[in-house]
Structures are given as C-alpha cells and as structure tokens.
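Survey of secondary and tertiary structure
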Amino acid sequence: MVPSPRRIVALGIAGAVLVTLVMHDANAQPSTRWPIHSTDRPQPRVVKPPANAWTVAPPADATVLLGGADLSRWQKDGGGAPGWKVEQGYVEVVPGAGGIVSRDAFGDAQLHVEWMAPLPAVGESQERGNSGVFLMGRYEVQVLDSYQNVTYPDGQASAIYGQFPPLVNASRPPGEWQTYDIIFHRPRFDASGKVMSPARMTVLHNGVLVQDNVVLSGPTAHQHRPPYEKHPDRLPVSLQDHGTRVRYRNIWVRDLENP
Ligand code: MG
C-alpha cells in the first residue's frame, strides 16, 4: 500500500520530533544520567588520530596567548608571576607552582591549545599527565595522558571533567604534541542569577570531534556537580597544575562576541 501524502508528512514530522528529542537527550542528559566518575560508564573507543603533527597557526583575528616561550600574557593563579618553566618553544608545568591564568578575559570563544604529556609516562589513571584547560576559569576540558591509560571516562583526555566523556579516545602517545580546538559558549544569566542558557562546548582532539555541542550542567568540580553560579560575562582562561610536567605551546583564542 502506498501511504498517502498526508501520512508521509505526519511520519516525517514524527521522525523529526524523535530525532530532535534524541539529539536533545544526547546533548543534555549524559552529564547527569551517570553517577560522576562512574567506572561502569562505557570506555570511549580508541581512534588513531591523523599522523601529521597537527599544529594550527593563529588566524589573523586571533589573540595569541602563548606563542611559545613567553608567559607575558599570563599570571599565577591568585596573582604574581607564573612559576612555570619557560623552554625553547614551550612552557612546562612546575608541580606545586600553581595554575596559570590569562591576563585577557573572554566569553564566547574559539580556543586552540597544544599540549604534551610527559615521556616516559609515570603513574596511572589520574596521576599520568594530568592538567586541564579551564574556560572562564570554571569549565574544564581535561588534559590527561589517556594513551593506553584507563581512568573513569568522564575524567580522561578531552572529557568535560565530571560530565561528558569524549565521544572517542583520539589520544596521541606521551611525548607527542596534541591539540584541542574548543568552541565555547558561556552561560547566560538574568539579573537575579537564574540561568537563561547553560554553557555549551564543542571540542576536537587532534582534529577528531570528541564533544558535540554538549550542554554543561554547571562548573567543573571533583566528585560532585555543583549548580551554576552567576559570574561575569568575560573571564580568563586558566591552565591547571595537577602535579605533572605537562607542556603547552601555541595557544590562541578568537573572541566570538567582539568579532
Ligand atoms: Mg585536570
């Protein structure tokens, strides 16, 4: 039997609604569908990223936060000179020196970051090559050596820490440069502090899509998912000292609110 045109339209609408619901569910629900740091959550499958060194030079309208051996656009978390090691072409976390914070502040942004986990790899799970990129100092894209190193999925490399595991594990081995390309939309608050729209993130790890416009449940925390708290529209990017000698280079940002 050939379905009537009206029936085809109805099926089409029903399908579109279903797809929309599934997409909404996929993006909005997983951060709270699983307990935080659940080890029962499926491990993202491993995808070998492209073999070429994936460096992306800053576009003309980007602000270069870290060109290489230059921390002039950064300060120590809490104020003062950053205590990280400045080497030829990169900077390196000095365990105990504290995180570093950009002097510039951003809201909606496109952020490119290159990082390298220490070689030889030392430690396991969260102890191996741990650092982090915090948008607005609050919303972390996890940095971890996740090459043949199992941890809880919402804490591995390119996870939105505590909320979203990456779609796949596109890690390179320690000692190789890796990239994050992050598209971030800040949360919007009304005057009373109510969330009008939550933060959203899209992330590519070594050129591979790992976060697809996910909706964050709130700021990053360990072992709990706190609610949003109203904050300024523009805040610095920060990089975490988690006690391991992760390296960074070529960090640039495009301001999506003041193009
Ligand atoms: Mg971290």
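Just so it is clear, the structure is predicted and the values come from calculations on it, not from any experiment. (Residues numbered from 1 in each chain as written. Predicted model: local features only at pLDDT ≥ 70, side-chain atom pairs only at ≥ 80, totals over all residues. Heavy atoms only, no water.)

**Notes on the confidence of the model for the chain**
The condition that has to hold: pLDDT is a residue-level measure of predictor confidence that goes from 0 to 100. The contact criterion used is simple: two residues touch if any of their non-hydrogen atoms lie within 4.5 Å.
Confidence in the prediction of the chain, expressed as mean pLDDT, is 89, and 87% of residues score 70 or more. Here residues 8–29 is modelled with pLDDT under 50, and outside its nearest four sequence neighbours on either side it reaches 10 contacts, counting other chains as well.

**What to know about the nonpolar core**
Filter applied, for reference: To form a nonpolar core, buried Ala, Val, Leu, Ile, Met, Phe, Trp, Tyr and Cys residues must be joined to one another through side-chain atoms within 4.5 Å. Each residue's exposure class comes from its accessible area (1.4 Å probe, protein chains only) as a fraction of the maximum for that residue type: buried when under 20%, exposed when over 50%, partly exposed otherwise. The secondary structure listing takes helices from DSSP runs of H or I that are at least 4 residues long and strands from runs of E that are at least 2 residues long, numbered from the N terminus.
Within the largest apolar cluster, 45 residues are counted, with the highest numbers of intra-cluster contacts made by Val133, Ile182, Met201 and Tyr248. At 4 residues, the largest contribution of residues to this core is made by strand E6 (residues 109–116). In this structure, Met201 is in contact with Leu135, Tyr139, Val141, Ile160, Ile182, Ile183, Phe184, Gln211, Asp212, Asn213, Val214 and Leu216, ignoring residues within four places of it in sequence.

**Observations concerning unusual backbone geometry**
Omega for the peptide link from Leu119 to Pro120 comes to 0 degrees, which places this bond in the cis form. As for its position among the elements, Pro120 is in the loop between E6 and strand E7 (131–135). Phi is positive for His37, which is not a glycine, with a value near 60 degrees. Turning to its location among the elements, His37 is positioned in the loop between helix H2 (30–33) and strand E1 (63–66). One non-glycine residue, Asn206, adopts positive backbone phi at about 55 degrees. By relative accessible area, Asn206 is classed as buried at 0%.

**Quick word on the packing of aromatic side chains**
Selection criterion: Pairing of aromatic rings covers Phe, Tyr and the six-membered ring of Trp, with a centre-to-centre limit of 6.5 Å; geometry is then stacked below 30 degrees between planes, edge-to-face above 60, and tilted otherwise.
A full pass over the atoms with the stated rule returns 7 aromatic pairs. Here a set of aromatic residues connected by ring pairs shows up, and it is made of Tyr139, Phe184, Phe189 and Tyr228.

**Considerations on the sheet that holds strand E5 (residues 100–106)**
To be explicit about the condition: Here the rule is simple: two strands pair whenever DSSP picks up at least two bridges between them. The angle between two axes is taken between their N-to-C directions and runs from 0 to 180 degrees, where each axis is a line fitted to C-alpha atoms and a helix contributes only its stretch in contact.
Across the sheet, which stays open at both edges, the 5 strands sit in the order E2-E5-E14-E7-E8 with antiparallel pairing between neighbours. Pairing within the sheet leaves two strands with one partner each, and these edge strands are strand E2 (74–76) and strand E8 (139–143). Between one strand axis and the next, the sheet turns through 25 degrees on average, direction left out of account. In this structure, E5 lies alongside strand E14 (residues 235–239), joined through 4 bridges in antiparallel fashion. Bridged to Ile100 within E14 is Leu239.

**Looking at the coordination of the magnesium ion**
Which entries qualify depends on this criterion: The donor set comprises N, O and S atoms within 2.8 Å of the metal, extended to 3.2 Å for Na, K and Ca; water molecules are omitted, so apparent gaps in a site may simply reflect that omission.
On the protein side, the magnesium ion has Asn130 (OD1), Ser131 (O), Glu140 (OE), Gln142 (OE1) and Gln240 (OE1) as donor atoms, found 2.2 to 2.5 Å from it. For the magnesium ion, the single-chain donor residues occur in sequence as N-S-x8-E-x1-Q-x97-Q. Here Asn130 is found in the loop between E6 and E7, whereas its partner Glu140 is found in strand E8, with 10 residues between them in sequence. Glu140 shares its class with Asn130; the two are buried.

**Some words on the side chain of Glu114**
Just so we agree on the cut-off: Think of a polar contact as two N or O atoms within 3.5 Å of one another; within protein, one of them needs to be a possible hydrogen donor and the other a possible acceptor, and neighboring residues in sequence only count if both atoms come from side chains.
Tracing the backbone through its elements, the reader meets Glu114 in strand E6. Judged by relative accessible area, which is 1%, Glu114 ranks as buried. A distance of 2.7 Å separates the side chain of Glu114 from the side chain of Arg249, its partner in a polar contact. One polar contact links Glu114 to Asn250, side chain to side chain, over a distance of 2.6 Å.

**Some words on the environment of Glu257**
Considering the arrangement of structural elements, one finds Glu257 in the segment after strand E15 (247–255). As for Glu257 and Gly107, which are separated by 150 residues in sequence, their C-alpha atoms are 7.0 Å apart. A polar atom in the side chain of Glu257 sits 2.9 Å from the side chain of Arg186.

**So, the pairing of E15**
Both E1 and E15 contribute to a ladder of 3 bridges, which runs antiparallel. Its bridge partner lying in E15, Leu66 is registered against Ile251. Here strand E4 (residues 90–92) runs beside E15; their pairing, made up of 2 bridges, is antiparallel. Pairing of Val91 across the sheet is with Tyr248, part of E15. The pairing of E6 with E15 spans 7 bridges and is classified as antiparallel.

**Here's the deal with the side chain of Arg128**
We apply this condition: In this count, Lys and Arg are taken as positive residues and Asp and Glu as negative ones, while His and the chain termini are left out. Any Lys or Arg side-chain nitrogen located within 4 Å of an Asp or Glu carboxyl oxygen qualifies as a salt bridge.
Positionally, Arg128 belongs in the loop between E6 and E7. No salt bridge is formed by the buried Arg128, whose closest oppositely charged neighbour, Asp145, lies at an N-O distance of 4.4 Å. Setting aside residues up to four positions removed in sequence, Arg128 forms contacts with Ala121, Val122, Gly123, Leu144, Asp145, Tyr147, Gln148 and Asn149.

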